[in-house]
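Tertiary structure, described
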Amino acid sequence: MARSPRRHDRDAGGPADLLAAKAVLREEVWAALTAARVARFPGADGRIPNFVGAEAAAQRLRETPAWRRARTLKSNPDSAQLPVRQRALEDGKTVYMAVPRLAEPDPFFLLDPAHLADTPRRAASIRGASRSARRVAVAELAPVDLVVAGCVAVGEDGARLGKGGGFADLEFAVASAAGLVGPRTLVVTTVHELQVRPAGAVPTAPHDVPVDLVVTPDRVIDCRRRRGPRPAGGIRWSELTDEKIAAIPLLAARRPNLSPPAGV
């Protein structure tokens, strides 16, 4: 009997009604991709879904002015955005790829297009990055020109819904606090049309990072005039569970001392 994928929002903080609304939308999108037979192996459920047309979406992104201007990218490690990472390396761009679930003390792969042990396509995969990249700490990263994020669903107003783990938002918070991304750094995603929702349809929390450009195989949606504000203030410690902090070495090492001052 097939096992249901483990829910990534099991250790998420926040209002229960918001978490439930997000979970409902995820299930709706995963079901739609599966029913249309556009979800690639191993399926959509529980994942940033890889989709038929991911290469076409990556190519459309490649043709944008934002892509042409970018020299350094920070990207999620999911299969749906592998064609984006591949094209970045082919175009001579440096790629910082997050280690899955930020589960290492040095939580990013540095992919230098001039020093790859494999072809750009192989090097852009998680397995290939272990041969072609070195793992680096946040302090070793340089400012990035473009942030590539994976989505389960995304609104035409830039509202982004991930798979529930909160890792993309954490990466952005850490990068912002370190000065690696700024107000003009664009956040982009590549998705299937079935993942796109009308403005106002994707529920969000204050820590959710909106997307500037949504790219599908058929179109580019510029969300900059309609998207909500980016979260400010760095890592929102009060919204993180003890389980989440303990699972991510980067957070565990930076966790502030929340004990009250002596004499209080």
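Here's what I pulled together on the structure shown here. In this text the structure is predicted, and so the values were computed from the model without any measurement. (Residues numbered from 1 in each chain as written. Predicted model: local features only at pLDDT ≥ 70, side-chain atom pairs only at ≥ 80, totals over all residues. Heavy atoms only, no water.)

1. Side note on the nonpolar core
Taken as a class, soluble globular proteins show a tendency for nonpolar side chains to be buried jointly. Ranked by size, the top nonpolar core spans 33 residues in total, and within it Val 154, Val 187 and Val 214 carry the most contacts. Secondary structure elements with two or more residues in this core: β2 (94–98), β3 (108–111) and α7 (167–177). Broken down by element, this core gets its largest block of residues, 6 residues, from α7. Non-local contacts of Val 187, meaning those with residues more than four positions away in its chain, are made with Val 147, Ala 149, Phe 172, Val 209, Pro 210, Val 211, Asp 212, Leu 213 and Arg 230. Ala 58, Val 99, Leu 111 and Leu 146 belong to the second-largest nonpolar core, a separate cluster that totals 25 residues. (Core = buried A, V, L, I, M, F, W, Y, C linked by side-chain atoms within 4.5 Å. Buried < 20%, exposed > 50% of the residue type's maximum accessible area, 1.4 Å probe, protein only. Helix = DSSP H or I, 4+ residues; strand = E, 2+ residues; numbered from the N terminus. Contact = heavy atoms within 4.5 Å.)

2. Quick look at the side chain of Gln 195
Examined against the element boundaries, Gln 195 turns out to sit in the loop between β8 (186–190) and β9 (196–197). Within the structure, the side chain of Gln 195 is placed 2.9 Å from the backbone nitrogen of His 192, a separation counted as a polar contact. Setting aside its immediate chain neighbours within four residues, Gln 195 contacts Val 29, Leu 33, Pro 49, Phe 51, Cys 151, Val 152, Ala 153 and Val 154. (Polar contact = N/O pair within 3.5 Å; in protein donor to acceptor, adjacent residues only side chain to side chain.)

3. Details of the sheet that holds strand β6 (residues 153–155)
The 3 strands lie next to each other as β7-β6-β9, forming an open sheet whose pairing is mixed. The open sheet has two free edges, formed respectively by β7 (160–161) and β9, since each of these has just one partner strand. In this sheet, β9 lies alongside β6 in parallel orientation, the contact comprising 2 bridges. Residue Val 154 lies in a different strand from β9, and its bridge partner there is Val 196. (Pairing = 2+ DSSP bridges.)

4. Focus: the sheet that holds β3
Spatially, β4-β3-β2-β1-β5-β8-β10-β11 is the arrangement adopted by the 8 strands of the open sheet, whose pairing is mixed. Sheet topology places β4 (134–136) and β11 (220–222) at the edges, where each strand pairs with a single neighbour. The average angle at which neighbouring strand axes cross in this sheet is 25°, direction not considered. Alignment of β3 against β4, held across 3 bridges, turns out to be antiparallel. For Phe 108, the partnering residue across the bridge sits in β4 and is Val 136. In this fold helix α2 (residues 54–62) packs onto β8, β10 (213–215) and β11, with an angle of close to 150° to the strand it touches most, β8. Helix α4 (residues 82–90) rests against β1 (72–75), β2, β3, β5 (146–148) and β8 of the sheet, and its axis sits at about 155° to β2. (Axes fitted to C-alpha atoms, helices over the stretch in contact; angles between N-to-C directions.)

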